[in-house]
Amino acid sequence: MPGNLCQDVNSKEPIGSVSNSCQSVWSELGEEVTLKFSRNVVSIALSDGVKVLFACSGIAFESGFHVTRFLTSESLVRAFNDNNTREGHGSLKVEVHRDGDVARGILGSYRSDKGIAVVNIVFVTLDVHPVDLYHQVEFLPCSKVVAVARADSSTLMATTGILIGDSGGSEDGEQLMHSTCKISNAWEGGPLFDCDGNFVGMNLFLDGEGTSFVPRSIIIERLEKYMPKKEVRTFRSILFYGKFTMNFHRHAEFQKRVHPWPYCSYPRDRSGDLDSWSYPKPSAATISEGLKLVNTFEETFGDLYGSGEGVWSQLDKTVCQNLCRAVVSLGSFNGETRFFACTGLFIEWIGCKIILTSASLVIRDPNDENKIAEKFKIKVLLPNKQCKEGILQHYSLHHNVALVGVKDLCPLHSFRIKDRLNRTRKDPKRSRKDPNVVAVGCCFDSGVLMATCGRGTDWSGVLDYRDLRYSSCKITKAGIGGPLVDFSGRFIGMNFYDKKIGTSFMFRDCIIRVLKHFEGKRTIDESGSGGTPISSELSIF
């Protein structure tokens, strides 16, 4: 129940008045998730060596060979600098507590106007497990969440609630969000999770709307922006090149990972460290450390076509066949080096059949960002596994929409996205307002077709763009540019993917407006490198 404080399942010490029903929180979460929470959360105290003057919770977000870092509320910094707190006390120190162990903390980066602070401990880890800031789970309004805190070294507490969809903006435009979880001061700086243990944000304070918290995407931005440059490099190297969750007393228990840098970060492979698909070449060190390349364009998601399982077994046979015939995979290349890969969909547009996809395929000239790279080319992997040359016809970086043609090809099926009633076969069991949707993608390497289902929402979250929406479909990079359809086969929108915000999609009506703008314009091959001008202010979702 929201507002109930729950004792750590491993703790024998009472934490005040606790109803028997609160134990249902831990039983609902399960032993694995509860153990994960226990290793994510610490108690952070400000002490004069004898008395605790201030206490709050903290979240482990980085654990390295020498330094372990915790995220907490900047209220800790205010208390540390408050003259009233210091009066009558000697030197103050920051302590980090977990399961009876205490480590001396060092105040790291903080911004008093940004709500977060960082506390470091050196040469010890307290056996914590950092939260995953870069997971790909989306959180929709009214999703059930769990606020977790550590009242002292050994007592873990939890309370449940739901997300409140609307959120208030701060003065600089960045947003706080709210949940219905009821917390007290000791919970400040503690994490907010979903019921599967995915990190949602950091709790701040209880107000009239509920508990305010800093969402995960804003935390990432603030950590990268306000940490000193040296710490930012370390932070990014941990997030992108691998998480080394080690301590001096136990073996590593979590898989080490490496995230590939996008090719656009290296317009020219001057050092020869990238392969032909723009991934870092494995070195002797990475092989010996057991590092694994993840988050690639080849990662599959959901259920594979032909398996007859999962979402494919729920779709009508005609819907499955039409998706199989209309969905393709595309790769953009700079010479022989691949730049990007994504999914596309054959659609009908002004009397022709053309591929709708993401404008992230476009490669800019490194010497002139207003031009397309000289050796830019597109390859299209068709449903029959044949690879054809694609021709960029139109694109808009502002909307991240592109149209790609294939010469001398007539696809077996194409979607009429302008037709609101377009569907292959009406399913009488499903309402027109059924929120269940299907995201479809195709891998460029294997040509495997994938699909996963979820629920669509009109909530745009932290996105400052009215034509983008969220779905709970869990896709990978391979699903970028792929279609989002309902269970009757009607086109809903085009999917995007971002490691910070998860799966968003551009609504069908917006795509139609963009295509309308393309009508009457000269195509790219007709105008050289024309089309929509490239500007540094235009963002790719």
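Thresholds, definitions, all that
Residues numbered from 1 in each chain as written. Predicted model: local features only at pLDDT ≥ 70, side-chain atom pairs only at ≥ 80, totals over all residues. Heavy atoms only, no water. Disulfide = S-S within 2.5 Å. Buried < 20%, exposed > 50% of the residue type's maximum accessible area, 1.4 Å probe, protein only. Helix = DSSP H or I, 4+ residues; strand = E, 2+ residues; numbered from the N terminus. Arc of directions from axis to C-beta. Salt bridge = Lys/Arg side-chain N within 4 Å of Asp/Glu carboxyl O. Contact = heavy atoms within 4.5 Å. Pairing = 2+ DSSP bridges. Axes fitted to C-alpha atoms, helices over the stretch in contact; angles between N-to-C directions. Patch = residues over 30% accessible without salt bridge, like charges linked within 9 Å, V, L, I, M, F, W, Y side chains within 5 Å. Areas by Shrake-Rupley, 256 points an atom, 1.4 Å probe, with all protein chains shown as cover. Core = buried A, V, L, I, M, F, W, Y, C linked by side-chain atoms within 4.5 Å. Phe/Tyr/Trp six-rings, centres within 6.5 Å; stacked < 30°, edge-to-face > 60°. Lys NZ or Arg CZ within 6 Å of the ring centre and 35° of its normal.

### A word on the state of the cysteines
Stage number 1. According to the stated counting rule, one finds zero disulfides in the structure shown.
Stage number 2. Cysteine 181 provides the cysteine sulfur closest to cysteine 195, a residue in no disulfide bond, and the two sulfurs are 9.6 Å apart.
Stage number 3. Take cysteine 195: its relative accessible area is 23%, and that puts it in the partly exposed class.

### Some details on helix H9 (residues 317-326)
Stage number 1. Among all positions of H9, only Val319, Cys320, Asn322, Leu323 and Ala326 are buried. Taken end-on, H9 shows its buried residues confined to a sector of 165°, consistent with a single buried face.

### Focus: the pattern of salt bridges
Stage number 1. Inspection of every chain in the model, using the stated rule, returns 13 salt bridges.
Stage number 2. Ionic pairing is found between arginine 39 and aspartate 127, a salt bridge with its closest N-O pair at 3.0 Å. In this pair, arginine 39 is assigned in helix H2 (residues 31-40) and aspartate 127 in the loop between strand E6 (116-122) and strand E7 (144-150), connecting sequence segments 88 residues apart.
Stage number 3. On the basis of relative accessible area, arginine 39 is assigned to the buried category, the value being 11%.
Stage number 4. In this structure, arginine 508 engages aspartate 509 in a salt bridge whose closest nitrogen and oxygen atoms are separated by 2.5 Å.
Stage number 5. Accessibility expressed as a relative area gives 24% for aspartate 509, which makes it partly exposed.

### Details of the side chain of serine 332
Stage number 1. One can find serine 332 in strand E14 (residues 327-334).
Stage number 2. Discounting chain neighbours no more than four positions away, the residues touching serine 332 are Thr337, Arg338, Phe339, Phe340, Leu361, Ile363, Phe376, Lys377 and Ile378.

### Topic: the sheet that holds strand E12 (residues 210-215)
Stage number 1. With antiparallel pairing, the six strands of this closed barrel are ordered in space as E7-E8-E9-E12-E11-E10. On average, each strand axis in the sheet is tilted by 45° relative to the strand beside it, whichever way the strands run.
Stage number 2. Sheet analysis places strand E10 (residues 191-194) next to strand E11 (residues 199-207), joined by three bridges and oriented antiparallel. Paired with proline 191 across the strands is methionine 202, a residue of E11.

### Observations concerning the sheet that holds strand E21 (residues 401-406)
Stage number 1. Within the closed barrel, the six strands sit side by side as E14-E15-E16-E21-E20-E19. Their pairing is antiparallel. Each neighbouring strand pair of the sheet contributes to a mean axis angle of 40°, computed without reference to strand direction.
Stage number 2. The sheet contact formed by strand E19 (residues 376-381) and strand E20 (residues 387-396) spans four bridges and is antiparallel. Paired with leucine 381 across the bridge in E20 is cysteine 387.
Stage number 3. Across the sheet, H9 lies against E14 and strand E15 (337-349), angled at about 20° from E14, the strand it touches most.

### Some details on a nonpolar patch on the surface
Stage number 1. Together, Ile106, Val122, Phe123 and Val124 line one region of the surface with nonpolar side chains, adding up to about 350 Å² of accessible area.
Stage number 2. Within the secondary structure layout, valine 122 lies in strand E6.
Stage number 3. Residue classification places valine 122 among the partly exposed residues on the basis of a relative accessible area of 37%.

### A look at the nonpolar core
Stage number 1. Among the nonpolar cores identified, the biggest contains 77 residues, and Leu315, Leu323, Ile347, Val380, Leu392, Tyr395 and Phe415 are the most heavily contacted of them.
Stage number 2. Among the elements that make up this core, the one with the highest residue count is E15 (eight residues).
Stage number 3. Counting 27 residues, the second largest nonpolar core, distinct from the first, contains Leu133, Phe193, Leu204 and Ile220.

### Considering the packing of aromatic side chains
Stage number 1. Under the defined criterion, the tally for this structure stands at five aromatic pairs.
Stage number 2. Taking the centre distance of 6.1 Å and the plane angle of 70° together, the rings of phenylalanine 193 and phenylalanine 199 count as edge-to-face.
Stage number 3. Look at phenylalanine 193 and you get buried, because its relative accessible area is 1%.
Stage number 4. Ring geometry for tyrosine 305 versus tryptophan 312: centroids 5.0 Å apart, planes at 75°, classification edge-to-face.
Stage number 5. For tyrosine 305, a relative accessible area of 35% puts it in the partly exposed group.
Stage number 6. Judged by relative accessible area, which is 6%, tryptophan 312 ranks as buried.
Stage number 7. The rings of Phe37, Phe193 and Phe199 are connected pair by pair, giving a single aromatic cluster.
Stage number 8. One residue, lysine 477, lies across the ring of phenylalanine 297, its end atom 5.1 Å from the ring centre.

### So, the pairing of strand E1 (residues 41-47)
Stage number 1. Counting buried positions along E1 gives seven out of seven residues, so the element sits mostly inside the fold.
Stage number 2. Here E1 shows two buried faces, one formed by Val41, Ser43, Ala45 and Ser47 and the other by Val42, Ile44 and Leu46.
Stage number 3. Bridge analysis of E1 against strand E2 (residues 52-63) gives seven bridges, and the strand direction is antiparallel. If you follow valine 41 over to E2, its bridge partner there is isoleucine 59.

### Quick notes on the pairing of E21
Stage number 1. Burial analysis of E21 places six of its six residues in the buried class, which makes it a mostly covered element.
Stage number 2. Residues Val401, Leu403 and Gly405 point to one face of E21 and Ala402, Val404 and Val406 to the other, with burial holding for every one of them.
Stage number 3. Pairing of strand E16 (residues 352-357) with E21 involves three bridges; the strand directions are antiparallel. Among the inter-strand pairings, leucine 356 is bridged to a residue of E21, identified as leucine 403.

Nothing here speaks to function; it is geometry throughout.
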